[in-house]
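A closer look at the structure
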Amino acid sequence: MSLVKLQGTPSCFVCGNENDNPRSLGLNIFWDNESRYTFISFIPDESWCGYEGMVHGGLLAAIIDDAMAWSIKASDDDIYVTGKLTISFRKEVRCGKKYVAHGFLERKEGRRAYTSAVIKDEEGNTCVEGGAIFIRVK
Ligand SMILES: CCCCCCCCCCCCCC(=O)SCCNC(=O)CCNC(=O)[C@H](O)C(C)(C)COP(=O)(O)OP(=O)(O)OC[C@H]1O[C@@H](n2cnc3c(N)ncnc32)[C@H](O)[C@@H]1OP(=O)(O)O
């Protein structure tokens, strides 16, 4: 593993910082240059939950979205927006436990970038799977 810390976007809800966005989750995003995926480690707390102790799916979708967005950004300075996002919740994500998200750039076709992502628990179980089509802004 050769992880490089990506700069993040200061005001981003997922990867921002508390000065620019007090509500940001403040997650650090890394790029693994060998495996060619993003790496986001997190331990959710109670404030991330919908049902008690169970992390809100919308928040997990936001993390998945960022993991994929940065998998594009790692090799491309153009701006892409999420056009289509699909997500499957396979196993509940609990607060207080450690998880890791990975985002992968699969391929590019014209203005489209096809990506995938996964969130795994410490035992390596897949909890969330996602896919997206990002569109390069003209
Ligand atoms: C990501 C890199 C940034 C990294 C920095 C990190 C920042 C922080 C991280 C932030 C991360 C958070 C990120 C966020 O949350 S971004 C915020 C959430 N997303 C948006 O708000 C996007 C809103 N939508 C639009 O602005 C427009 O609809 C876009 C720009 C997407 C297209 O309107 P435009 O008029 O420009 O283009 P077009 O209609 O001529 O289509 C062009 C091509 O695209 C294909 N197409 C279009 N839509 C879809 C679709 N839904 N599924 C599949 N394909 C689609 C279309 O078939 C055509 O293909 P082709 O026929 O040419 O082959």
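The structure displayed is predicted, hence computed values, not measured ones. (Residues numbered from 1 in each chain as written. Predicted model: local features only at pLDDT ≥ 70, side-chain atom pairs only at ≥ 80, totals over all residues. Heavy atoms only, no water.)

Turning to the overall build of the chain, a few remarks are in order. Counting secondary structure elements, the chain contains 1 helix and 7 strands. The linear arrangement of helices and strands in the chain, starting from the amino end, is β-β-β-α-β-β-β-β. Across the 138 residues that make up the chain, the buried fraction comes to 41%. For the chain, the accessible area works out to roughly 7,800 Å², and carbon and sulfur atoms hold 47% of it. On the chain, the mean spot of the 17 positive side-chain charges and the mean spot of the 19 negative ones are 7 Å from each other. (Helix = DSSP H or I, 4+ residues; strand = E, 2+ residues; numbered from the N terminus. Buried < 20%, exposed > 50% of the residue type's maximum accessible area, 1.4 Å probe, protein only. Areas by Shrake-Rupley, 256 points an atom, 1.4 Å probe, with all protein chains shown as cover. Lys, Arg positive; Asp, Glu negative; His and termini not counted. Charge placed at Lys NZ, Arg CZ, Asp CG, Glu CD.)

Here we take up the site of the ligand. Lining the immediate environment of the ligand, one finds 15 residues, of which Asp65, Thr82, Gly83, Arg111 and Arg112 sit closest. The contact in question runs from an oxygen atom of the ligand to an N or O atom on the side chain of Arg111, over 2.7 Å. The protein chains hide 53% of the 1,300 Å² of surface that the ligand would expose on its own. Looking at the shell around the ligand, the elements with two or more residues in it are α1 (57-73), β4 (80-89) and β7 (126-136). Taken together, the residues that form the shell around the ligand break down as 6 nonpolar, 3 polar and 6 charged. (Near = heavy atom within 4 Å. Polar contact = N/O pair within 3.5 Å; in protein donor to acceptor, adjacent residues only side chain to side chain. Nonpolar A, V, L, I, M, F, W, Y, C, P; charged D, E, K, R; others polar.)

In sheet architecture, strand pairing relies on hydrogen bonds along the backbone and comes in two forms, parallel and antiparallel. With antiparallel pairing, the 7 strands of this open sheet are ordered in space as β1-β2-β3-β5-β6-β7-β4. Of all the strands in the sheet, the pair left with one neighbour each is β1 (3-5) and β4. Recorded for the sheet is a direction-independent mean angle of 25 degrees between the axes of neighbouring strands. In terms of strand pairing, strand β6 (residues 112-121) meets β7 through 9 bridges, oriented antiparallel. Its bridge partner being in β7, Ala117 is matched across the sheet by Gly130. (Pairing = 2+ DSSP bridges. Axes fitted to C-alpha atoms, helices over the stretch in contact; angles between N-to-C directions.)

Right, let's get into a nonpolar patch on the surface. Side chains of Ile79, Val81 and Val137 sit close together on the surface and give an oily, nonpolar patch of about 260 Å² of accessible area. The topology assignment puts Ile79 in the loop between α1 and β4. (Patch = residues over 30% accessible without salt bridge, like charges linked within 9 Å, V, L, I, M, F, W, Y side chains within 5 Å. Salt bridge = Lys/Arg side-chain N within 4 Å of Asp/Glu carboxyl O.)

So, on to the side chain of Thr115. Among the structural elements, Thr115 can be located in strand β6. Thr115 has contacts with Met68, Ser71, Ile72, Phe104, Leu105, Glu106, Gly131, Ala132 and Phe134, leaving out every residue within four places of it along the chain. (Contact = heavy atoms within 4.5 Å.)

The biggest cluster of nonpolar side chains holds 31 residues, and the ones touching the most others in it are Leu27, Ile40, Phe42, Trp48, Ile63 and Ile119. Listing elements by their share of this core, those giving two or more residues are β3 (37-42), α1, β5 (99-109), β6 and β7. A per-element tally of this core places α1 first, with 8 residues. When residues no more than four places from it in sequence are discounted, the contact partners of Ile63 are Val14, Leu25, Leu27, Ile40, Phe42, Trp48 and Ala101. (Core = buried A, V, L, I, M, F, W, Y, C linked by side-chain atoms within 4.5 Å.)

Among the secondary structure elements, Val55 is positioned in the loop between β3 and α1. The class for Val55 is buried, based on a relative accessible area of 6%. Not counting the four nearest positions on each side in its chain, Val55 is found in contact with Pro44, Trp48, Cys49, Gly50, Leu60, Val93, Arg94 and Cys95.

From the geometry alone we can't say anything about function, so treat these as descriptive.
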